[in-house]
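Coordinate analysis (summary)
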Amino acid sequence: MSGLSRAARVLAASAVFLSVGAGVARAVTPPATTPPATTTTLAEVPGVALTAVSCASVSVCVAVGDTGTEMGAVVQILDGSPQPAVLLPSSSELLGIACPSTTVCEAVGWATNTGGILVTIDPSRSPVIQSTALFGQVEPVSVACATTTLCEAVEPIYDTDNSVVVTIVDGVPGTPQTVAAPLSTVACPTATTCLAVGSAFAPGVGPYTNNPHQVGVDTIASGLAGAPDIFTGYLDVDALACASATTCDAAASYEYGPDVGTQVVLPIVDGVPAVPLVDTAALRGLACSSAGICRGAGGAYTV
């Protein structure tokens, strides 16, 4: 990632959406005079900044984040209505969550003095937090689940342009695997395969310089990280989603270089990056349906 925080980079013009399908990315702006087909409501969760959300069913979702005093927070969302936040007992922050079933969600983040934490959640029960486990010095920022019992978490180590991949089985973190590529987001298109993607400044190059990024793509098969595919460019990767077992898309942008400010979707086929598709949206999130169509959302910004 660049030295600029995401919050600082989103200087906000307007919300935008993107559809990706049949190899074409196109921006979609809802007509101002046409009411949406579905109703959108906003609900406040007092005192909590939410960073990630995942849905266990059509009516139950779970969001995670932290309070202003850095207490990790878990929020059940029932039929669109957020419930009171459940706080972790120590200074912490939850950064990612995945819900592979109606009764299991895995959330990852960090806690002061203990390193990374894994929070196992049952969104169908109260209290929702069922157990916590420690990753040691690994502090994951993203998690995805291939099955109800097998998940993968990743942490980018920007100082070295390496990453750590940790396989989670039945809520227990396994032995960390070091990957020689920057990986910051992960998705699992099949029950045995996950894909991780990320970007960082090339080795020895600091932020706020007009120098290329190193972009990494790695396939994790049955809990084992493979040899990463690395290429040099100016892309800053923000999100990842998979439409099929072989096709995924990453949302990214050019923050430096001749194409600075250009937003792209990076197709990844069979674990190999393809030519980026230029779009006009600054996407911060992606989701793919089983029909092979991906939807993205974000906001326009000025670099």
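Attention here is on the structure that accompanies the text. (Residues numbered from 1 in each chain as written. Predicted model: local features only at pLDDT ≥ 70, side-chain atom pairs only at ≥ 80, totals over all residues. Heavy atoms only, no water.)

**As for the state of the cysteines**
Across all of its chains, the model carries six disulfides by this definition. Between Cys55 and Cys61 runs a disulfide, and the two sulfur atoms are separated by 2.0 Å. With the S-S bond torsion at 90°, the cross-link from Cys55 to Cys61 turns out right-handed. Here Cys61 falls in the buried class, since its relative accessible area comes to 13%. Put simply, Cys188 and Cys194 are joined by a disulfide, and their sulfur atoms are 2.0 Å apart. What sets the handedness of the Cys188 and Cys194 disulfide is the S-S torsion sign, and at about 90° it is right-handed. Taken individually, Cys188 and Cys194 each receive the classification buried, so the pair is uniform in this respect. (Disulfide = S-S within 2.5 Å. Buried < 20%, exposed > 50% of the residue type's maximum accessible area, 1.4 Å probe, protein only.)

**Considerations on the environment of Ser91**
Here Ser91 lies in strand 7 (residues 86–98). Relative accessible area serves as the criterion here: at 24%, Ser91 is assigned to the partly exposed category. For the pair Ser91 and Ala111, spaced 20 residues apart in sequence, the C-alpha to C-alpha distance is 5.8 Å. The residues contacting Ser91, other than those within four sequence positions of it, are Glu70, Met71, Trp110, Ala111 and Thr112. Here the side chain of Ser91 touches Glu70 through a polar contact of 3.4 Å, landing on its backbone oxygen. (Helix = DSSP H or I, 4+ residues; strand = E, 2+ residues; numbered from the N terminus. Contact = heavy atoms within 4.5 Å. Polar contact = N/O pair within 3.5 Å; in protein donor to acceptor, adjacent residues only side chain to side chain.)

**Re the environment of Gly109**
Residue position: Gly109 is located in strand 8 (residues 105–111). Accessibility expressed as a relative area gives 0% for Gly109, which makes it buried. Gly109 sits 46 residues away from Glu155 along the chain, and the two C-alpha atoms are 9.6 Å apart. Beyond its immediate stretch of four places on either side in the chain, Gly109 contacts Glu93, Leu94, Leu95, Gly115, Gly116, Ile117, Glu139 and Pro140.

**Considering the pairing of strand 4 (residues 60–67)**
When a strand is regular, its side chains alternate between the sheet's two faces. Of all eight residues that make up strand 4, eight are buried, and the element is covered over most of its length. Note: strand 3 (residues 48–55) against strand 4, seven bridges, orientation antiparallel. Each residue of the ladder has a partner; that of Leu50, found in strand 4, is Gly65. Counting the residues between successive antiparallel strands, the hairpin from strand 3 to strand 4 contains four residues. Bridging between strand 4 and strand 5 (residues 71–78) involves seven bridges; their strand directions are antiparallel. Bridged to Val62 within strand 5 is Gln76. (Pairing = 2+ DSSP bridges.)

**Details of the environment of Leu224**
Topologically, Leu224 is positioned in strand 19 (residues 224–225). Taking C-alpha positions, Leu224 is 8.0 Å from Thr167, a pair spaced 57 residues apart along the chain. Among all residues touching Leu224, those that are not within four sequence positions of it are Gln177 and Thr219.

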